[in-house]
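An overview of the molecular structure
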Amino acid sequence: MTGLKNCTVSVFGLGLLGGSLAWKLSRDGAAKSVAGWSRNPETVRRAHEMGIIGRPCATAEECASLGNVLVLAVPIRSMEETGLRIRPAAGSGVRAVFDLASTKTEVGRKLAPLWGSRYAGFHPMAGKERGGLENADPDLFDGAVCAVVPFENTGEEALSLAEELAEALGGRPLRTGAEEHDAAAACISHFPVLVAASLALLAGEEMEDHPLVPLLAAGGFRDTTRVAGGLPELGADMASTNGEQIRRLAGKYRAILDALLAASPEELEALLARAARCREAVLAGKGTLSRKRG
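My aim in this report is to walk through the structure given alongside it, one point at a time. Just so you know, the residues in each chain are numbered from 1, in the order the chain's sequence is written. A pLDDT threshold of at least 70 governs which residues receive local features in this predicted model, and a stricter bar of 80 or more applies before side-chain atom pairs are shown or counted, although totals over entire chains, interfaces and linings include all residues. Excluded from the side-chain calculations are hydrogens and water; all other atoms, namely the structure's heavy atoms, are used.

1. What to know about the overall build of the protein
Runs of E in the DSSP output that reach at least two residues are strands. Runs of H or I that reach at least four are helices, and both are numbered from the N terminus. Counting its regular elements, the protein contains 13 helices and eight strands. A globule of 294 residues ought to have a C-alpha radius of gyration of about 19 Å, and the protein, at 21 Å, matches this closely. Referenced to the eigenvectors of the C-alpha coordinate spread, the extents of the protein come out at roughly 65 × 40 × 35 Å. Here's how the labels work: a residue is buried when its accessible area is under 20% of the maximum for its type, exposed when over 50%, partly exposed in between, all with a 1.4 Å probe on protein chains only. The buried share among the 294 residues of the protein stands at 42%. Restricting the contact set of the protein to residue pairs at least 6 apart, pairs at least 24 apart contribute 73%. For the protein, the exposed area adds up to about 15100 Å²; of that, 56% sits on carbon and sulfur atoms. Radius of gyration: over C-alpha atoms. The globule rule applied is 2.2 Å multiplied by the number of residues raised to the 0.38 power. Any pair of residues with heavy atoms lying within 4.5 Å of one another is described as a contacting pair. Methods summary: accessible areas were calculated by the Shrake-Rupley approach with a probe of 1.4 Å, and residue burial reflects only the protein chains presented.

2. Comments concerning the nonpolar core
In this structure, Leu21, Leu25, Val69, Phe98 and Phe122 are the most contacted members of the largest nonpolar core, which totals 38 residues. Secondary-structure elements contributing two or more residues to this core are β1 (8–12), α1 (16–28), α2 (41–49), β4 (69–72), β5 (96–99), β6 (119–124), β7 (145–149) and α6 (156–168). Top contributing element to this core by residue count: α6, with seven residues. Those residues in contact with phenylalanine 122, other than ones at most four positions away along the chain, are Phe98, Asp99, Leu100, Ala101, Lys104, Cys146, Ala147, Val148, Ala162, Leu165, Ala166 and Leu169. Each nonpolar core is a collection of buried residues, namely Ala, Val, Leu, Ile, Met, Phe, Trp, Tyr and Cys, held together in the definition by side-chain atoms within 4.5 Å. Grouped together as the second largest cluster of nonpolar side chains are 29 residues, Trp37, Ala101, Leu111 and Ala147 included.

3. Section: the layout of surface pockets
Estimates place the volume of the second largest pocket at around 200 Å³. Considering the residues around the second largest pocket, the lining is formed by Thr105, Glu106, Arg109, Glu179, Asp182, Ser240, Thr241, Asn242, Gly243, Glu244 and Gln245. Secondary-structure elements contributing two or more residues to the lining of the second largest pocket are α5 (105–115), α7 (178–209), α10 (232–241) and α11 (243–262). A pocket here means an open set of points on a 1 Å grid, computed over the protein atoms alone, that has protein on both sides within 12 Å along at least five of seven lines. A cavity is instead a set of points where a 1.4 Å probe fits but cannot get out; residues with an atom within 4 Å of a point line either one. Grid points are joined across faces, edges and corners, and a volume is the space filled by probe spheres set on the points.

4. Section: the side chain of aspartate 99
Mapped onto the fold, aspartate 99 is located in strand β5. Residue classification places aspartate 99 among the buried residues on the basis of a relative accessible area of 0%. Any pair of N or O atoms that falls within 3.5 Å is considered a polar contact. Within protein, one atom must be able to donate a hydrogen and the other to accept it, and sequence-neighbouring residues count only if both atoms are side-chain atoms. At 3.0 Å, the side chain of aspartate 99 and the backbone nitrogen of alanine 101 are in polar contact. Apart from residues no more than four positions distant in its own chain, aspartate 99 is found in contact with Leu72, Met79, Lys104, Val107, Leu111, Tyr119, Ala120, Gly121 and Phe122.

5. Quick notes on α2
Within α2, the full set of buried residues consists of Thr43, Val44 and Ala47. Around the axis of α2, the buried residues are gathered within 100° of arc, so they sit on the same side. Counted as exposed and oriented over 90 degrees from the buried face of α2: Pro41 and Glu49. In the core, the buried residues of α2 are packed alongside β2 (33–37) and β3 (55–56). When we speak of the arc, we mean the arc of directions from the helix axis to the C-beta atoms.

6. Overview of the packing of aromatic side chains
For Phe, Tyr and Trp, where Trp contributes only its six-membered ring, two rings pair if their centres lie within 6.5 Å, and the inter-plane angle classes them as stacked under 30 degrees, edge-to-face over 60, or tilted in between. Tallied over the full model, the rule gives four aromatic pairs. Summarising the aromatic geometry, the rings of phenylalanine 191 and tyrosine 253 are spaced 5.3 Å apart at their centres and angled 75° between planes, so their arrangement reads as edge-to-face. Linking phenylalanine 191 in helix α7 with tyrosine 253 in helix α11, this pair joins segments that are 62 residues apart in sequence. What makes phenylalanine 191 buried here is its relative accessible area of 13%.

7. Some thoughts on the environment of threonine 59
Its location among the elements puts threonine 59 in the loop between β3 and α3 (60–66). On the basis of relative accessibility, which here comes to 30%, the residue threonine 59 falls in the partly exposed class. Distance in space between the C-alpha atoms of threonine 59 and alanine 120 is 23 Å, their sequence separation being 61 residues. Polar side-chain contacts of threonine 59 include one of 3.0 Å to the backbone nitrogen of glutamate 62.

8. Notes on the sheet that holds β6
Two strands form a pair only when DSSP identifies at least two bridges running between them. Spatially, β3-β2-β1-β4-β5-β6-β7-β8 is the arrangement adopted by the eight strands of the open sheet, whose pairing is mixed. Across the chains shown, the open sheet's two edge strands, defined by having one partner strand only, are β3 and β8 (172–175). The pairing of β5 with β6 spans three bridges and is parallel. Within β6, the residue paired with valine 97 across the bridge is tyrosine 119. Only C-alpha atoms enter the line fits that serve as axes; for helices the fit covers just the stretch in contact. Angles between N-to-C directions range over 0 to 180 degrees. Here α6 sits on the sheet and contacts β4, β5, β6, β7 and β8; the angle it forms with β8, its principal contact strand, is near 145°.

9. Remarks on the pairing of β4
Taking every second residue as pointing to the same face, both faces of β4 are buried, with Val69 and Val71 on one and Leu70 and Leu72 on the other. Sheet analysis places β1 next to β4, joined by four bridges and oriented parallel. Of the residues in β4, the one forming a bridge with serine 10 is leucine 70. As paired elements, β4 and β5 share four bridges and run parallel to each other. Within β5, the position partnered with valine 69 by the bridge is alanine 96. Taking the sense of rotation as the criterion, the β-α-β connection linking β4, helix α4 (residues 79–86) and β5 turns out right-handed. We call a crossover right-handed when, viewed with both strands directed away from the observer, the connection leading from the first strand over the helix to the second proceeds clockwise.

Distances and angles like these do not, on their own, reveal function.
Okay, structure coming up:
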């Protein structure tokens, strides 16, 4: 048996990411079959009716017994529990186990001992403000970088299947270590959630004394606070499992903000111009991977 095309992919958790992944594989015939399980039986039923999964499962154990590739798309707080639950039911035909968590160091510390050489972290950099199967989209991962994260005992077959999965989703695989992944993700994803939340909380307090705040809120407020509208449990899980990196960034952020506030008008103009260049450089860097691979 070689390649994703000959594998049954079992997806645990049929929310935004799990549902989108299963739907893409099912729609494109990228896997032999796609099985799915969710804590909510109604979600499983709807996913089957919509053609998102071909093999609906009543239990996580059933789903594990069917799969050659197991994809854990449950919340971060449920990763270890789900892994422990399905491990006894997983057959000898399991070739790879991936988690879709947005943090890797702590999650991997818990999952790697369970699965050994078959386990790797897998994080597609894509999402929406709203979660749930109702927001799933088979094209969600088109063009997305998919971090493939090996651990000490991860085997080459698991990594190869992870990279094949990334390409089947329409994404671009990128191998990286867990700590490096978490440091980068904290900067461009996890810490910004807390910054956006702090701005939203500040506006909530200010509008009590200044009624014009909601009346004047427009694109700037909407854009800078967009990620504050996401699932609260997702943000809490990211912060609790990547707290060290987030606190590191918070210290640097305070120093930068203090420098902006203390700057003269001329100095501030130069700093803001530099900020614009930094933003452009970060966004332009997204294309670097595709150029290197092309």
